[in-house]
Amino acid sequence: MKAAYIHIPFCHHICHYCDFNKVFMKGQPVDEYLEALGKEMELIVKDDRDVLDTIFVGGGTPTALNENQLEKLVQRIQKQLNFDSKTEYTFEANPGDLSKEKLAILKNAGVNRLSFGVQTFNDELLERIGRTHCAKDVFASIEAAKAVGFENISIDLIYSLPGQTKQDFIESIQTALSLGLVHYSGYSLIIEPKTVFYNLMQKGKLPIPGEDAEAEMYETLMEQMELHGLHQYEISNFAVPGYESRHNITYWNNEEYYGFGAGAHGYVNGIRQSNYGPLKKYMEPLSKGELPIMDAHRVTIEEKTEEEMFLGLRKTEGVSIRHFQEKFNENPIELYRDQIREWTSKGLLKTDEGRIFLTRQGRLLGNEVFQSFIGVSNR
């Protein structure tokens, strides 16, 4: 196995747009959870001594843990997972959450990449979307991380936020770029059920910018990143060449990975599985030495080829025809000829130098293209 995702579901505050598996941290059995997480890793990894290429610790907010809990977490990871200095080892972080002590714990444990959830540099917008940090916290956190020796630092931005203008977003991009980081992600706001924003939208009280403004913001994001020498290697991700997120590329390459923690998803030995999300339901089986799997599905060959297409097309390099043929013994051009012909005629897809990929215009309508490859092969 090449990759492992580890989920820490605790947050000091719940953002208005977030639908990830998370709980408000106060009063939660954090230490018991970390024990259960260590047990799950032990049960699943067992005799697998392959050195992992990537480890990604996400949430929730992993950096919401206190120093002792963070130390306990990295010790369990070190004990159960096999990795070395070449492994890309990422922790998600909230600006303002990382004390010098926490940064030192992460650095000493071998963590070599940090991903900060910034979202915007507009303090008024940050408050509106339920974030607790402000712009100055971002500057302070990144400065502190660099001082400890972190070089591989990424930040996330979100656009099409309620009340956000194109100018607001341009200013956030420019501020982000002024930090001189090696990786940036930019995502459009998606309104998910069971979130504060979804409830407001249902009541007609969520002033989101609209599709045209969203498309303009995305165009601006691509233009600005390109101007500053950042390569767009995936629909939402930009990097200095050599600093692409290897962990996320594992997903887009449709490769297998471990998923540990409450609500985590994994893909192991051809089976996609998900864990129970509620903490009690996750921890209870592990206390008996059993895995907390809620759902497991053996992926069919049809599903594998579909996933190879709609995940691979997220990458700007697209899908390699040769690799597809070697992996599945089928030609994607023939297998999905109708879809490829349709989107190519509309200027959204292109086939060149042995690859099928989205055009720049296609990136704006990516979701429509991706959905068209589900359940439609010409077998």
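Participant: Which parts of the structure should I look at to understand the overall build of the chain?
Facilitator: For the chain, the helix and strand inventory stands at 16 helices and 17 strands. Relative to the 2.2 N^0.38 estimate, which gives 21 Å for 379 residues, the radius of gyration of the chain is 21 Å and therefore close to what a compact globule would have. Its C-alpha atoms give the chain principal-axis dimensions of about 60 × 50 × 45 Å. In the chain, buried positions account for 51% of the 379 residues. Within the structure as shown, the chain displays about 17,500 Å² of accessible surface, and the carbon and sulfur contribution to it stands at 47%. With 41 positive and 55 negative side-chain charges, the chain shows a spacing of 3 Å between the two charge centroids.

Participant: Sorry if this is basic, but what is going on with the packing of aromatic side chains here?
Facilitator: Aromatic ring pairs are reported here in terms of the distance separating the ring centres and the angle at which the planes meet. If you walk through the whole model with that rule in mind, you get 13 aromatic pairs. Where Phe324 meets Phe328, the ring centres are 5.0 Å apart and the plane angle is 55°; that geometry is what we call tilted. Residue Phe324 and its partner Phe328 are located together in helix H12 (residues 321–328), separated by four residues, close to a single helical turn. The exposure classification of Phe324 matches that of Phe328, with both residues buried. The structure contains a cluster of three or more aromatic residues connected by ring pairs, namely Phe10, Tyr33 and Tyr282. We note Arg272 situated over the ring of Tyr267; from NZ or CZ to the ring centre the distance is 3.9 Å.

Participant: Just checking my understanding: could you explain the pairing of strand S13 (residues 271–275) for this structure?
Facilitator: Side-chain direction in a regular strand flips from residue to residue, so the side chains alternate between the two faces of the sheet. Two elements, strand S12 (residues 265–268) and S13, share four bridges in a ladder whose sense is antiparallel. From the neighbouring strand, Tyr267 faces S13, where its bridge partner is Arg272. As paired elements, S13 and strand S14 (residues 293–298) share five bridges and run antiparallel to each other. Looking at the pairing, Asn275 lines up with Ile293 of S14.

Participant: Any chance you could explain the pattern of salt bridges here in plain terms?
Facilitator: Here the idea is simple: oppositely charged side chains can pair when their charged atoms come close. Under the criterion given, the structure shown has 15 salt bridges. With a closest N to O distance of 3.2 Å, Arg322 and Glu326 form a salt bridge. Residue Arg322 and its partner Glu326 are located together in helix H12, separated by four residues, close to a single helical turn. Assigned by exposure class, Arg322 and Glu326 land together as exposed. Taking the shortest distance from any N to any O, the salt bridge between Glu342 and Lys346 comes out at 3.0 Å. Residues joined by salt bridges that share partners form a network here, namely Glu219, Glu226 and Arg360.

Participant: Help me understand helix H5 (residues 135–148), please; the structure alone is not making it clear to me.
Facilitator: Helical periodicity: at 3.6 residues per turn, an α-helix aligns residues three or four positions apart in one direction. In this model H5 runs 21 Å from its N-terminal to its C-terminal C-alpha over 14 residues, within 8% of the 20 Å that 1.5 Å per residue would give. For H5, every residue scored as buried is listed here: Ala135, Val138, Ser141, Ile142 and Ala145. Taken down its axis, H5 places every buried residue within 125° of arc, on the same side. Those residues of H5 that are exposed and aimed more than 90 degrees away from the buried face are Lys136, Glu143 and Ala147. The inward-facing, buried residues of H5 contact helix H3 (100–108), strand S6 (113–119), helix H4 (123–128) and strand S7 (152–159). In the segment just after H5, Gly149 is the residue with positive phi, at about 115°.

Participant: Please explain the packing of helix H2 (residues 67–80) against H3 as it appears in this structure.
Facilitator: When two helices pack together, their arrangement is captured by the angle between the axes and the distance separating the axes. Where H2 contacts H3, the two axes come as close as 10 Å, and the packing angle between them is 5°. With respect to H3, the element H2 is oriented roughly parallel. Residues Glu67, Leu70, Glu71 and Val74 of H2 form the contact with H3, whose own contacting residues are Glu101, Lys102, Ile105 and Leu106. Taken together, the residues that form the contact of H2 with H3 break down as four nonpolar, no polar and four charged.

Participant: Explanation requested: the sheet that holds strand S17 (residues 355–358) in the structure shown.
Facilitator: Hydrogen bonds between backbone atoms are what pair the strands of a sheet, whose relative direction is either parallel or antiparallel. The three strands are arranged S15-S17-S16 in an open sheet whose pairing can be described as antiparallel. On the outer flanks of this sheet lie strand S15 (319–320) and strand S16 (349–352), each paired with one strand and no other. Here S15 runs beside S17; their pairing, made up of two bridges, is antiparallel. In the strand pairing of S17, Ser320 is matched with Arg355.

Participant: I tried to follow the confidence of the model for the chain on my own but got confused; where do I start?
Facilitator: Atom-level detail of predicted coordinates should not be read off regions where pLDDT is low. On average, residues of the chain score 91 in pLDDT, and 91% of them are at 70 or above. Looking across the chain, the model is least confident in helix H7 (residues 196–202), with a mean pLDDT of 63, and most confident in strand S10 (residues 237–239), with 98.

Criteria and thresholds
Sequence positions are assigned chain by chain, starting from 1 and proceeding in written order. Whole-chain, interface and lining totals are the exception, using all residues; otherwise, since this is a predicted model, local features are given only for residues with pLDDT of at least 70 and side-chain atom pairs are given and counted only at 80 or more. Only hydrogens and water are set aside when side-chain values are computed; all heavy atoms of the structure are taken into account. Under the DSSP-based scheme used, a helix requires at least four consecutive residues in state H or I and a strand at least two consecutive residues in state E, with every element numbered from the N terminus. In this setup the radius of gyration rests on C-alpha atoms only. A globule is expected at 2.2 Å times the number of residues raised to 0.38. We call a residue buried when its accessible area falls under 20% of the maximum for its residue type, exposed when it is over 50%, and partly exposed in between, using a 1.4 Å probe and counting protein chains only. The Shrake-Rupley method, run with a 1.4 Å probe sphere, supplies the accessible areas, and residue values consider only the shown protein chains as cover. His is not counted, nor are the chain ends, whereas Lys and Arg count as positive and Asp and Glu as negative. By convention, charge coordinates are those of NZ in Lys, CZ in Arg, CG in Asp, or CD in Glu. Here is the rule: rings of Phe, Tyr and Trp (six-membered ring for Trp) pair when centre to centre is within 6.5 Å. Planes less than 30 degrees apart are stacked, more than 60 are edge-to-face, and the remainder are tilted. Throughout this description, the term charge over a ring refers to an Arg CZ or Lys NZ atom that lies within 6 Å of the ring centre and within 35 degrees of the ring normal. When DSSP finds at least two bridges between two strands, those strands are taken to pair. Counted as salt bridges are all cases of a side-chain nitrogen of Lys or Arg within 4 Å of a carboxyl oxygen of Asp or Glu. Expected helix span is computed as 1.5 Å times (number of residues minus one). As used here, the arc belongs to the directions running from the helix axis to the C-beta atoms. What makes two residues a contact is simply this: any of their non-hydrogen atoms within 4.5 Å. Only the stretch in contact is used when fitting a helix axis, every axis being a line fitted to C-alpha atoms; angles between N-to-C directions are given from 0 to 180 degrees. Working definition: roughly parallel below 35 degrees, roughly antiparallel above 145 degrees, roughly perpendicular at 65 to 115 degrees, and oblique for all remaining angles. Classification used: nonpolar for Ala, Val, Leu, Ile, Met, Phe, Trp, Tyr, Cys and Pro, charged for Asp, Glu, Lys and Arg, polar for all others including Gly. The pLDDT score gives, residue by residue, the confidence of the prediction method on a 0 to 100 scale.

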